[in-house]
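# Structural characterization, general
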Amino acid sequence: MARKFRLALAQLNLTVGDIPGNTARMVEYLHLARESGADLVAFPELATTGYPPEDLLFKKSFLQDNVGAMERVVAESGGIAVVLGYAQPRESGIAPASIYNSAAIGYDGRLIDTYDKIFLPNYGVFDEERYFAKGSVCPVYELGGVRIGVNVCEDIWYEIGPSAVQRQAGAELIVNINASPFHAGKSAYRRDSIVGSRAAGHGLFVAYLNTVGGQDELVFDGNSVICDPGGRVVARGPAFREAMILADIDVDAVPPLPSSGPGDDYEDALAAVGSPKRVKIPSSARGRLGWEPSPERRPLPAAQHRGEVSEIEEIYCALVMGTRDYLRKTGFSKAIVGLSGGIDSALTAVIAADALGPENVLGITMPSRYSSRGSIEDSAELARNLGIEFWEIPIEPAHRAFAEMLEERFAQMTPNVAEENVQARIRGNVLMTVSNKFGWIVLTTGNKSEMAMGYATLYGDMAGGFAVLKDVYKMTVYALSRWRNAHGHKFPLSQSEGVPSKEVIPQAIIDKPPSAELREGQLDEDSLPPYDILDPVIQAYVEEDCSYAEMVAQGRDPAVVRQVVTAVDRNEYKRRQAPPGVKITPRAFGRDRRLPIVNRYRQT
């Protein structure tokens, strides 16, 4: 009889620190998996705590509560196996307890074993060596004749790693639980070059479960996937939403291990990773394995693989999810966006409306003596298209008062950027005062190109609670705006059916030259190179760590390179004071790129 093993992957949106809420979600999905006839249900990495819990792990009560949550989920596992991530404190004699990033394996209401994550990422946004001790055992669990290896996140990224040891110990299926953050282009690489490659390289099924949702600056995209021994996709979860992924795995499709025995790679894995362990899970009266004949379990419908999405669509969805979850999980119900008539504020408002609903977004235009009539009218048209509330609050009275207050001290001095930035700071005060009055969060509108160059005003347009476009280059802002105008049907702006797709961002906003409008006739290109030239240089310097000489050798304008290097280095102090924002690129300012503010190193 063919061995069919029904696997359920619970791709959940969990919240850091909400241990009761996370536990309730897992119990709910565990029952759903059991009703679907699953033999095993898996939950994400550190599912009890949410990821990343950071220094919450130093609180003893937090660790105790998280262990209690794991035990509650396992206690609910009557008739089904469960794998879930949690933080495991373990006493070690007189030394402080070590903490492990672990996966609990339960079956039929009992805790069977725990797997400890072996490879601890400590780069980019990851800081796991600060918190966790390293595991050293690679277990394989035999459940009714099906041999299953369990490991956690980073462990699957290594060809010579736990999966290699587990395969040689007889594993036919690897269940890898994750909290793998999004950046543009990562999901396809993860699926093909990691999961598919491990499945084909080791000759077994690999189930890769990823969490989903926003957490501070990180977004987790889901995109869970199961690959067969040929590296082909068997089942696939959606991007940027919760789901239960079910698949019937034909275990007999796994080829036998070579009769010649393990090769040098296996010996390398043993030396680098740890030792194998075999655990046989005994069946019980309640525990029925799905591959045994049962009239109760119906065949699953044929898997429907969604088509590939463009990188721009991925980025847009990540921005919507990151904004929605940041507000929802921090308790804000409504957002304020300062509308300048420019493309950055327009795109921020559209993302906010898609994330929160237009009824929960307020747009405020704050014209000054230098604002064009077109900017005010374009902002009003955008607000009408979106269906958001719209206020006009002119700042001329405050601007005039500031000029009078400072007139004596600034006498005999030529006006410069200080007078220009007064306007931005007045606007920041208006937005934050409205925020303070109503309890709504201000979304700032600056993009990565501006933040890199310091083309932003401290306590002005940088004032706010969340920076939606913080990690989005200016040219990507244009691409996102055009994509959103062309795909409005994917983000209906009301609850009614059949909302027509229309261009919500007026074409005039997309077409106009970028300008801060802080002085007569001002354009961004008065201070910055054209963005199509500027953005690639910023990317090379910030994300690729290219030197001045390397960038010039690549054919980039030496004057532009000098300007970028100087501005990026000089404005670290500004960026350190910016609000958090959604991580989109492989190397975002803040969590990814950490440079000292006091820093005298300069390239020659």
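Residues numbered from 1 in each chain as written. Predicted model: local features only at pLDDT ≥ 70, side-chain atom pairs only at ≥ 80, totals over all residues. Heavy atoms only, no water.

### Some words on the overall build of the chain
Definition in use: Secondary structure elements are taken from DSSP: a helix is a run of H or I of four residues or more, a strand is a run of E of two residues or more, and numbering for both begins at the N terminus. Should any heavy atoms of two residues lie within 4.5 Å, those residues are considered in contact. Each accessible area value is a Shrake-Rupley result obtained with a 1.4 Å probe; residue values ignore everything except the protein chains displayed when judging cover.
If you tally the helices and strands in the chain, you get 17 helices and 20 strands. A separation of at least 24 residues holds for 76% of the contacts in the chain among residues at least 6 apart in sequence. Surface summary for the chain: the accessible area is close to 25,500 Å², and the carbon and sulfur share equals 52%.

### What about the sheet that holds strand β7 (residues 146–152)?
Our working definition: Any two strands with at least two DSSP bridges between them are considered paired. Here the axes come from fitting lines to C-alpha atoms, over the contacting stretch only for helices, and the angles between their N-to-C directions go from 0 to 180 degrees.
If you walk across this open sheet you meet the seven strands as β13-β12-β9-β8-β7-β6-β15, and the pairing is mixed. On the outer flanks of this sheet lie β13 (233–236) and β15 (275–281), each paired with one strand and no other. Strand-to-strand twist in this sheet, taken as the mean axis angle between neighbours without regard to direction, amounts to 20°. Here helix α4 (residues 186–202) sits on the sheet and contacts β9 (205–210), β12 (225–227) and β13; the angle it forms with β9, its principal contact strand, is near 145°.

### Considering the nonpolar core
What counts, and what does not: Nonpolar cores are built from buried Ala, Val, Leu, Ile, Met, Phe, Trp, Tyr and Cys residues. Side-chain atoms within 4.5 Å join them into one set. For every residue, the accessible area (1.4 Å probe, protein chains only) is compared with the maximum for its type, and the residue is labelled buried under 20%, exposed over 50%, or partly exposed between those bounds.
With 52 residues, the main nonpolar core has Leu7, Ile148 and Leu173 as its most contacted residues. At five residues, β9 tops the list of elements feeding residues into this core. Contact partners of isoleucine 148, with chain neighbours within four places excluded, come to Phe5, Leu40, Pro139, Val140, Tyr141, Leu143, Leu173 and Val175. In terms of nonpolar packing, the next biggest core, distinct from the first, is built from 48 residues, Cys317, Met321, Val350 and Leu443 among them.

### Examining the pairing of strand β6 (residues 137–143)
Judged by how many residues are buried, β6 sits mostly within the fold: five of seven residues are covered. As defined by bridge partners, β6 adjoins β15 across seven bridges and the pair is classed as parallel. Pairing of valine 137 across the sheet is with serine 275, part of β15. Alignment of β6 against β7, held across four bridges, turns out to be antiparallel. Bridge pairing in β7 places tyrosine 141 opposite isoleucine 148. With antiparallel pairing between neighbouring strands as the criterion, β6 and β7 make up a hairpin whose turn holds two residues, including glycine 144 at a positive phi of roughly 60°.

### Notes on the packing of aromatic side chains
Each aromatic ring pair is specified by the distance between its two centres and by the angle formed by the two planes. Here is the rule: Centre distance within 6.5 Å is the pairing criterion for rings of Phe, Tyr and Trp, where only the six-membered ring of Trp is used; planes under 30 degrees apart are then read as stacked, over 60 as edge-to-face, and the remainder as tilted. Both a distance and an angle decide whether a charge sits over a ring: NZ of Lys or CZ of Arg must be within 6 Å of the ring centre and within 35 degrees of the ring normal.
A full pass over the atoms with the stated rule returns 11 aromatic pairs. Centroid distance tyrosine 326 to phenylalanine 466: 4.3 Å. Interplanar angle 20°. Geometry classified as stacked. Of the two residues, tyrosine 326 sits in helix α6 (residues 311–330) while phenylalanine 466 sits in strand β20 (residues 466–467), which places them 140 residues apart along the sequence. Across this residue pair, the class does not change: tyrosine 326 and phenylalanine 466 are buried. Taken together, the aromatic side chains of Phe58, Tyr131 and Phe132 make up a single cluster linked through ring pairs. Lying over the aromatic face of phenylalanine 589, arginine 575 brings its terminal NZ or CZ to 4.4 Å of the ring centre.

### A short note on unusual backbone geometry
Residue proline 52 is reached from tyrosine 51 by a cis peptide bond, and omega for that bond is -5°. Positionally, proline 52 belongs in the loop between β2 (40–42) and α2 (60–75). Phi is positive for cysteine 153, which is not a glycine, with a value near 45°. Mapped onto the fold, cysteine 153 is located in the loop between β7 and α3 (162–168). Within the chain, aspartate 216 stands out as a residue other than glycine whose phi angle is a positive 55°. Relative to the elements of secondary structure, aspartate 216 occurs in the loop between β10 (212–215) and β11 (218–221). Judged by its relative accessible area of 36%, aspartate 216 is partly exposed.

### Looking at the sheet that holds strand β17 (residues 361–365)
Read across the sheet, five strands follow the order β18-β17-β16-β19-β20 without closing on themselves; strand pairing throughout is parallel. Whereas interior strands pair on both sides, the edge strands pair on one side only; in this sheet they are β18 (389–392) and β20. Pairing analysis gives two bridges linking strand β19 (residues 441–444) to β20, with the strands arranged parallel. What sits directly across from leucine 443, in β20, is phenylalanine 466. The sheet contacts of helix α7 (residues 343–356) involve β16 (335–338), β17 and β19, and relative to β16 the element is tilted by about 165°. In the packing of helix α8 (residues 373–386) onto the sheet, the strands contacted are β17 and β18, and the crossing angle to β18 comes to about 160°.

### Re the pattern of salt bridges
Rules: Throughout this description, the term salt bridge denotes a Lys or Arg side-chain nitrogen within 4 Å of a carboxyl oxygen of Asp or Glu.
With the rule as written, the count across this model stands at 29 salt bridges. Of the charged contacts in the structure, one is a salt bridge between aspartate 354 and arginine 484, with a shortest N-O distance of 2.8 Å. A residue pair is termed long-range when its members are at least 10 positions apart, and aspartate 354 in helix α7 and arginine 484 in helix α12 (residues 474–486) qualify at 130 residues. Comparing aspartate 354 with arginine 484, the two get one shared label, buried.

### Regarding helix α10 (residues 417–438)
So the rule is basically this: The length a helix should cover is 1.5 Å for every residue beyond the first. Nitrogen and oxygen atoms within 3.5 Å of one another constitute a polar contact, given that in protein one can donate a hydrogen and the other can accept it, and given that sequence-neighbouring residues count only through two side-chain atoms.
Its 22 residues give α10 an end-to-end C-alpha distance of 32 Å, which sits within 8% of 32 Å, the value for a rise of 1.5 Å per residue. For α10, every residue scored as buried is listed here: Glu420, Asn421, Val422, Gln423, Ala424, Ile426, Arg427, Gly428, Val430, Leu431, Val434 and Ser435. Turning to α10, the residues buried within the fold contact β16, β17, β18, α9 (396–406) and β19. One side-chain oxygen of the residue at the start of α10 lies 3.0 Å from the amide nitrogen of alanine 418, identifying that residue as asparagine 416. A positive backbone phi angle near 80° is found at glycine 439, which sits one or two residues after α10.

### Concerning the confidence of the model for the chain
Where the model shows low pLDDT, its predicted coordinates should not be examined in detail. Cut-off, in case you're wondering: Per residue, pLDDT measures the predictor's confidence, with a range of 0 to 100.
Mean pLDDT over the chain: 88, with 90% of residues reaching 70 or higher. Overall, residues 285–293 carries pLDDT values under 50, and its contacts beyond four positions in sequence, including any with other chains, amount to 27 contacts. Segment residues 493–500: pLDDT under 50, and nine contacts once partners within four positions in sequence are set aside and those in other chains are kept.

### Observations concerning the packing of helix α14 (residues 531–542) against helix α16 (residues 558–570)
So the rule is basically this: Should an angle lie under 35 degrees it is considered roughly parallel, over 145 roughly antiparallel, and from 65 to 115 roughly perpendicular; all remaining angles are considered oblique. Handedness of a helix crossing follows the sense of rotation of the near helix relative to the far helix, less than a right angle counterclockwise being left-handed and clockwise being right-handed. Gly counts as polar in this scheme, as do all residues outside two lists: the nonpolar Ala, Val, Leu, Ile, Met, Phe, Trp, Tyr, Cys and Pro, and the charged Asp, Glu, Lys and Arg.
Packing of α14 against α16 leaves a shortest axis separation of 10 Å and a crossing angle of 55°. As judged from the angle between their axes, α14 and α16 are oblique. Of the two possible hands of crossing, α14 and α16 adopt the one that is right-handed. For the pair α14 and α16, contact is made by Ile533, Leu534, Val537, Ile538, Tyr541 and Val542 and by Val560, Val561, Val564, Val565, Val568 and Asp569, respectively. Per-class residue counts for the contact of α14 with α16 are 11 nonpolar, no polar and one charged.

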